[in-house]
Amino acid sequence: MPELTYREAVRDALAHALRKDDSVFLMGEDIAEMGGSMAVTQGLLEEFGPKRIRNTPISEMAIVGSGIGAAIQGMRPVVEIMYEDFLTLSMEQLVNQAAKHRTMSGGQVKVPLTIRTQGGAGWSPGAQHAQQLEAWFVHVPGLKVVFPSTPEDVRGLLWSSIYDDNPVVFFEHRTLYPLKGEVPTELEPIPLGKARIHREGEDVTVVATGRLVHEALQAAEAAESEGISVEVVDPRTLLPLDEETIIGSVCKTTRCVTAHEAVVRGGFGAELAAIIQQGAFDWLDAPIERVGARFGPLPFAPAMEQWVVPQAADVLEAIRRTVARS
Amino acid sequence: MPELTYREAVRDALAHALRKDDSVFLMGEDIAEMGGSMAVTQGLLEEFGPKRIRNTPISEMAIVGSGIGAAIQGMRPVVEIMYEDFLTLSMEQLVNQAAKHRTMSGGQVKVPLTIRTQGGAGWSPGAQHAQQLEAWFVHVPGLKVVFPSTPEDVRGLLWSSIYDDNPVVFFEHRTLYPLKGEVPTELEPIPLGKARIHREGEDVTVVATGRLVHEALQAAEAAESEGISVEVVDPRTLLPLDEETIIGSVCKTTRCVTAHEAVVRGGFGAELAAIIQQGAFDWLDAPIERVGARFGPLPFAPAMEQWVVPQAADVLEAIRRTVARS
Amino acid sequence: MATVEEKAGTGKKRVSNDALRGFFREMLLIRRFEEKVEERFRAGELPGFLHVAIGQEAVATGVCSALTREDVFASTHRAHGHAIAKGTPVDKIMAELYGKMEGCSGGYGGSMHLYDLEVGNLGANAVVAGGLPAIVGAALAFQMRDEKRVAVAFFGDGATNTGTFHESLNLAQLWKVPAIFVLENNGWAESTPAEQQLPLPVDQLGKRAAAFGMKLIEADGQDVEAVYLAALAARDHALAGKGPVLLHVRTFRLTGHFVGDPQVYRDREALKQERETKDPIRLLGARLELTDEDLAAIDAEVTAKVEASVEFAKAGTDPQPEDALKYVYA
Amino acid sequence: MATVEEKAGTGKKRVSNDALRGFFREMLLIRRFEEKVEERFRAGELPGFLHVAIGQEAVATGVCSALTREDVFASTHRAHGHAIAKGTPVDKIMAELYGKMEGCSGGYGGSMHLYDLEVGNLGANAVVAGGLPAIVGAALAFQMRDEKRVAVAFFGDGATNTGTFHESLNLAQLWKVPAIFVLENNGWAESTPAEQQLPLPVDQLGKRAAAFGMKLIEADGQDVEAVYLAALAARDHALAGKGPVLLHVRTFRLTGHFVGDPQVYRDREALKQERETKDPIRLLGARLELTDEDLAAIDAEVTAKVEASVEFAKAGTDPQPEDALKYVYA
Ligand SMILES: Cc1ncc(C[n+]2csc(CCOP(=O)(O)OP(=O)(O)O)c2C)c(N)n1
Ligand SMILES: Cc1ncc(C[n+]2csc(CCOP(=O)(O)OP(=O)(O)O)c2C)c(N)n1
Ligand SMILES: [Mg+2]
Ligand SMILES: [Mg+2]
């Protein structure tokens, strides 16, 4: 099996779709000559030309909104919002338009639009370039929400998102781009709505997303040496959510920790906790612990940033807390 | 004690603040001659004049953003976003600017801004005029989030919001405006962060917000006749949240239902459930049940709308479900 | 499209009298439809939030008559006239207002969300300017696929204050997509008059095109022929690859903002004057020198259509509650 | 403010040579600061995301020299020059870039969030155009309280494509608040050249003012005197109650978009040419006919300041991790 970085895996899925299908095209700020601010789209301009790899003005509403219009007309646009913090500028189009056209039209309209974006802390970006906002979109019927954590997943899920007939908000994590991992030789679609069990375990389930999947795996290793057996599950798709796998895992281990980089309050972990406490009520031996960022805008100075954002150690502590309950 | 409608109570708080304090002024679409689309600000133009009761263009970013700038310069603006669906247009200013200035400036800047808005279903508005989006803002450190359900609360909490030195997103519910209730003769501030126990009970706690407080009270009556004693708690302030009162109540009753009009998935009920399952783990005799809208954009036809949006009957059913668990 | 002839000797274009009579019929149909909506709302039969376009009929008819069935458009909260003019039968529109499955949006949309993909109605929008970006995208799709179609956005003067307006026109012009932006300038945003919401004098709102270097075409929105010819010119321009057009028409809202609006903010005398002098249907009727019998015949015909639409709507099927979630995902 | 004299006989204004020398010193200070930032970033000492304003010094100095301490401004991701020119000591700025408590934002902000309320810096913004609406609000507060102050927003050509820009200028003009919108047009938005992001020719971006009927003042952004005089005129206009001004200056970004940008998208030859012919510091030096000794002396002075700022910053205090949540709420 070949190895790709997370960045290359995204690019590979894009290139495959662009090759296969004339209706696929990309729009976003600086995605052409520069290859995107994260170098994800490098080389695509050369292969596919400026009509299909379109630099846009700084117009987050129009980027998403024109994607909607093109999608309704039968294209499969993949638009990029450079940092997810700037999704705040396209909420109207995402939430009132993309998510609702199908219902409002009584099923006449389809919006096969993919909105790629990225974010995350860990590089001193300050408060406006590091948020993790995926939880908002899980609250919006009509959208799908995907947040892959490995090269294999990001490639297979991006493919499925592009070919899904619904608007998909697709989150990438900035610090994962250089991460290497094996991928199938042939691009294999991964269905939306299937969780992935990264590691089996007996004592506690960690349900983690994005960067925290890797922190959780690290924490699981550490816990192992303390005699705690940890199962790590990545939902990968936040909406729709593979409740069966998640609840099944917790019923088995009887304990659960949720982990994401976003602030805890109002985060996706809340939804997970609510679902799990209901689905696994009779099995749970301890309260579900939530790991996430502390509740403040991200400060610039590295020492403060590091402390605000959750790390493997925070997951490990939560594992210990939940196991300590009898 | 005098009686006011919810609408009059909002107006009364605004008028009091405008009278007391030159730094208070209002901005929003159609709030002047027309008195706002919900007639909340009727009469204020006459008393306070067009410099302080300012009609704005249709510019939700600029309305919130100019409020931020004026607030930083020492004013206490109260801006109105006509429907909370249009908050989607001001998310950038609310989330990246208002909520973060204080931290980003290392404590130099204060943003004493109140953003009033309203929404809610029950009148066939269609999908773009009826969302309940309060949960998003609970996920944003730096904001406060208030959602009162009675005339007394809306008056006292609006006052406190205006005089709070932080940006407050203040939700009103459209169908509550005609609701009458007693209020103290003198306007009494209600501190942000204090829940209200509307009804004491022994068997199950319903934590409800907005319109659902009233549905919950109705459900509680009905449950009573079935021999179920229901406690109804309204957090009133969603951020900060009075966890002590809520958890205390559930520890007492051992069962809990959360209820809001917003869709269940990713809603404020998820955060409540996550907090309660942790804080009351050893007391809980049944999984926490969540009541909220079904997961779809609001359809227009009344029969479908009615079915999507939660009513007293849905709360009652959830109460029964939770009590049925042994 | 109606036939366009040369105005004898002048080199200017004109529309044949026959075509104008067709326009008259359609405008009156819209008027009677809107009046019926007001009436049925007052009778308590229509749920929701309704906005009629009384006074603005010439814009809907003038613009849509210049379009083909393949051309698409997005509308606003004030949507009925556009939908009728683009060819959706009034039966389906009225049924939608009654929330019936036979409605043009299956009862899911309501007055502010009329759709009809078959005739190119991409949806009315209850968010001011909310439909503009999609029109840029639709036009982009046509451009990328080399299709000879235009995409049209209707919106009001109030909408020109939104960031969405700016980003949409800007992108459209940058990429020279075949879009037409129809600015229906009635000088009001709900209760807020031009002076309180527009930094430019109301008649100069066309200057907004300058910010993008966009082609501006202007017409008297109460003169259906002028609107029609302007729309034809705009369409030609867009299809010739010369880029989008801002089509600015001055028009008049001869009723309240929404059905039931007491218009406390509006000068009664001025409104009365406007109703007398700016009514596009009266103006066209006078120009066509319609006799009373002519008029009565046309009126009877369109009124019957509207009455029938109410019957059709009332006889329609109410959706089942559980249908609510049928179309959340494709 | 510098003294303005009449240009002998012409009736035109000019700035005294002494004042220009002051401008020169400040511009060189900004330049040396920015170069030091690049150097320390490459040395791995500076965390985060940095953008320098090399080539745009005349704008910062020209505009800020026309302001009083009571006037306020909002800046962008490219913030250092503005902050220096408005009077924040370089020590405090450098300390901020090092994330120290002595920094002008206490280490909470970083390069893209420089604040200094004392001198009227309301904060740099990492969201393009994110600071513009607040400037309208600040100006509104001044207007409501009858204070003789202006509020200034800096932003780039790329920012003029945002809806936020449109809504802000529109509201400012509608209410005639004393705001100045300084459009630093360097013809690039990151890697995207003017032709790919602006529907107007790059030099005609001032036309955007027409959409609001806003007063437009233009100046050569590489000529500090011109910028200064234009800013003075803008300030007079705004304070006279005549409304806000769009101050459009054409300038040049003589480095990458961010520190470390390999500029793969940029023509090397054109960049070299620009560096040779458009450098505002060289241009001013030539005009002032500074001798080599003059130049060396000024350079030594500002370089020493910058070196000292690095020492100051390195000797600063790192915040404690738990300080992170100190200012979430007031
Ligand atoms: C973004 C947004 N803000 C506010 C509203 C409420 N609203 C509905 S119609 C309207 C006025 C629109 O004015 P204009 O664009 O001129 O259209 P007109 O009603 O005159 O046809 C307003 C403010 C809305 N629907 N969407
Ligand atoms: C809303 C938003 N979109 C995108 C970005 C990413 N970004 C940062 S700077 C920049 C280019 C800005 O161009 P311009 O306004 O001309 O300023 P300049 O960098 O040329 O000084 C972009 C796209 C951002 N910070 N904010
Ligand atoms: Mg209007
Ligand atoms: Mg630029």
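Residues numbered from 1 in each chain as written. Chains lettered and ligands numbered in written order. Predicted model: local features only at pLDDT ≥ 70, side-chain atom pairs only at ≥ 80, totals over all residues. Heavy atoms only, no water.

### Topic: the overall build of chain A
Counting its secondary structure elements, chain A contains 12 helices and 14 strands. By the compact-globule yardstick of 20 Å for 326 residues, chain A fits well, its C-alpha radius of gyration being 19 Å. On the principal axes, the C-alpha backbone points of chain A span a range of 60 × 45 × 40 Å. Relative to its full complement of 326 residues, chain A shows a buried share of 75%. Residue pairs in contact within chain A that sit at least 24 positions apart in sequence constitute 82% of those at least 6 positions apart. For chain A, the exposed area adds up to about 8,600 Å²; of that, 47% sits on carbon and sulfur atoms. For chain A, the distance from the average site of its 29 positive side-chain charges to the average site of its 44 negative ones is 3 Å. (Helix = DSSP H or I, 4+ residues; strand = E, 2+ residues; numbered from the N terminus. Rg over C-alpha atoms; globule rule 2.2 N^0.38 Å. Buried < 20%, exposed > 50% of the residue type's maximum accessible area, 1.4 Å probe, protein only. Contact = heavy atoms within 4.5 Å. Areas by Shrake-Rupley, 256 points an atom, 1.4 Å probe, with all protein chains shown as cover. Lys, Arg positive; Asp, Glu negative; His and termini not counted. Charge placed at Lys NZ, Arg CZ, Asp CG, Glu CD.)

### Thoughts on the overall build of chain C
Across its full length, chain C holds 11 helices and 10 strands. The globule rule puts the C-alpha radius of gyration for 330 residues at 20 Å, and the 19 Å found for chain C is close to it. Residue burial in chain C is summarised as follows: out of 330 residues, 66% are buried. A separation of at least 24 residues holds for 72% of the contacts in chain C among residues at least 6 apart in sequence. When the accessible surface of chain C is split by element, carbon and sulfur atoms take 49% of a total near 11,200 Å². In chain C, 37 positive and 47 negative side-chain charges are present, and the distance between their average locations comes to 4 Å.

### Thoughts on the domain arrangement of chain A
Many analyses report the size of an interface as the accessible area lost when the parts associate. Residues and elements named next belong to chain A. Domain annotation of chain A identifies domain 1 (3–182) and domain 2 (196–323). Listed as interface residues are 30 residues of domain 1 and, on the opposing side, 25 residues of domain 2. Between domain 1 and domain 2, a total of about 2,100 Å² is buried, with carbon and sulfur atoms accounting for 60% of that surface. The three residues of domain 1 that bury the most area against domain 2 are Ser124, Val138 and Phe147, which together make up 24% of that side's buried surface. On the surface where domain 1 and domain 2 come into contact, there are three salt bridges. Here Glu152 makes a salt bridge to Arg196, at a shortest N to O gap of 3.8 Å. Where domain 1 meets domain 2, there are 14 residue pairs in polar contact (both at pLDDT 80 or more). Looking at the side of domain 1 that touches domain 2, the elements with two or more residues in it are helix H6 (134–138), strand E6 (144–146) and helix H7 (151–162). With four residues, H6 is the single largest residue contributor to the side of domain 1 that touches domain 2. Tallied by class, residues from the side of domain 1 that touches domain 2 come to 17 nonpolar, nine polar and four charged. (Domains from an automatic or database assignment. Buried area = accessible area lost by both parts, 1.4 Å probe. Salt bridge = Lys/Arg side-chain N within 4 Å of Asp/Glu carboxyl O. Polar contact = N/O pair within 3.5 Å; in protein donor to acceptor, adjacent residues only side chain to side chain. Nonpolar A, V, L, I, M, F, W, Y, C, P; charged D, E, K, R; others polar.)

### Some remarks on the interface of chain A and chain B
Counting residues at the interface gives 52 residues for chain A, matched by 52 residues for chain B. Carbon and sulfur atoms make up 61% of the surface buried where chain A meets chain B, a total of about 4,600 Å² over both sides. Contact with chain B buries area across many residues of chain A, yet Trp136, His139 and Arg265 of chain A alone supply 17% of it, more than any other trio. One can count eight salt bridges joining chain A with chain B. Here Glu271 of chain B ties to Arg290 of chain A by a salt bridge, and the two come within 2.8 Å at their closest N and O atoms. Where chain A touches chain B, the interface holds 31 residue pairs in polar contact (both at pLDDT 80 or more). At seven residues, the largest contribution of residues to the side of chain A that touches chain B is made by helix H10 (residues 268–279) of chain A.

### Overview of the sheet that holds strand E11 (residues 230–234) of chain A
Residues and elements named next belong to chain A. As summarised here, the arrangement of the five strands in space is E9-E11-E10-E13-E14, forming an open sheet in which the pairing is mixed. Lying at the two open borders of the sheet, with one neighbouring strand each, are strand E9 (196–199) and strand E14 (289–293). For this sheet, the mean inter-axis angle between neighbouring strands, taken without regard to orientation, is 25°. Across four bridges, the pairing between strand E13 (residues 256–263) and E14 is parallel. (Pairing = 2+ DSSP bridges. Axes fitted to C-alpha atoms, helices over the stretch in contact; angles between N-to-C directions.)

### Re the site of ligand 2
Lining the immediate environment of ligand 2, one finds 20 residues, of which Glu60 of chain A together with His77, Arg78, Ala126 and Gly158 of chain D sit closest. Flanking ligand 2 are residues from chains A and D. His77 of chain D has a polar side-chain atom sitting 2.8 Å from an oxygen atom of ligand 2. Here an oxygen atom of ligand 2 and a side-chain polar atom of Asp157 of chain D are 2.9 Å apart. (Near = heavy atom within 4 Å.)

### Concerning the environment of Glu261 of chain B
Residues and elements named next belong to chain B. Within the secondary structure, Glu261 sits in strand E13 (residues 256–263). Using a relative accessible area of 5% as the deciding quantity, one classes Glu261 as buried. Residues Glu261 and Gly292 lie 31 residues apart in sequence; the distance between their C-alpha atoms is 5.0 Å. With sequence-adjacent residues up to four places away left out, Glu261 is seen in contact with Gly120, Ala121, Ala130, Gln132, His173, Arg211, Leu212, Gly292, Ala293, Val309 and Pro310. At 2.6 Å, the side chain of Glu261 and the side chain of Arg211 are in polar contact.

### Things to note about the coordination of the magnesium ion (ligand 4)
All names here are of chain D. Coordination of the magnesium ion (ligand 4) by the protein involves Asp157 (OD), Asn186 (OD1) and Trp188 (O), with metal-donor separations of 2.0 to 2.1 Å. All donors to the magnesium ion (ligand 4) come from one chain, and their sequence spacing reads D-x28-N-x1-W. Placement of the pair is Asp157 in the loop between strand E5 (151–156) and helix H6 (163–175) and Trp188 in strand E7 (residues 188–189), with a sequence separation of 31 residues. Judged on exposure class, the residue Asp157 and its partner Trp188 are both buried. (Donors = N, O, S within 2.8 Å, 3.2 Å for Na, K, Ca; no water.)

### Section: the coordination of the magnesium ion (ligand 3)
Surrounding the magnesium ion (ligand 3) are the protein donor atoms Asp157 of chain C (OD), Asn186 of chain C (OD1) and Trp188 of chain C (O), at 2.0 to 2.1 Å. Mapping the donors of the magnesium ion (ligand 3) onto the primary sequence yields the spacing D-x28-N-x1-W.

### Some thoughts on the interface of chain B and chain C
Each side of the interface is counted separately: chain B has 32 residues, and chain C has 40 residues. Looking at the side of chain B facing chain C, the largest losses of area belong to Ile58, Phe300 and Met304 of chain B, adding up to 24% of the total buried there. Between chain B and chain C we count zero salt bridges in total. Here chain B is connected to chain C by 10 residue pairs in polar contact (both at pLDDT 80 or more). By residue number, the principal contributor to the side of chain B that touches chain C is helix H11 (residues 302–308) of chain B, which donates five residues. Looking at side-chain class alone, the side of chain B that touches chain C contains 22 nonpolar, seven polar and three charged residues.

### Some details on the sheet that holds strand E3 (residues 72–75) of chain D
All names here are of chain D. With parallel pairing, six strands are arranged side by side in an open sheet as E4-E3-E5-E6-E10-E9. If you trace the sheet from one side to the other, it starts and ends with strand E4 (121–124) and strand E9 (215–220), each paired once. For this sheet the average axis-to-axis angle between neighbouring strands, irrespective of direction, equals 15°. Relative to E5, E3 runs parallel, the two sharing three bridges. Of the residues in E5, the one forming a bridge with Ala74 is Ala153.

### Side note on the relation of the copies chain A and chain B
Structural alignment of chain A on chain B gives an RMSD of 0.0 Å, achieved by rotating through 180° and translating 0.0 Å along the axis. Between the two chains, the operation in question is that of a two-fold axis. Residue by residue, 100% of the interface of chain A is reproduced at the interface of chain B, so both copies engage with the same surface. (Least-squares fit on C-alpha atoms with pLDDT ≥ 70 in both.)

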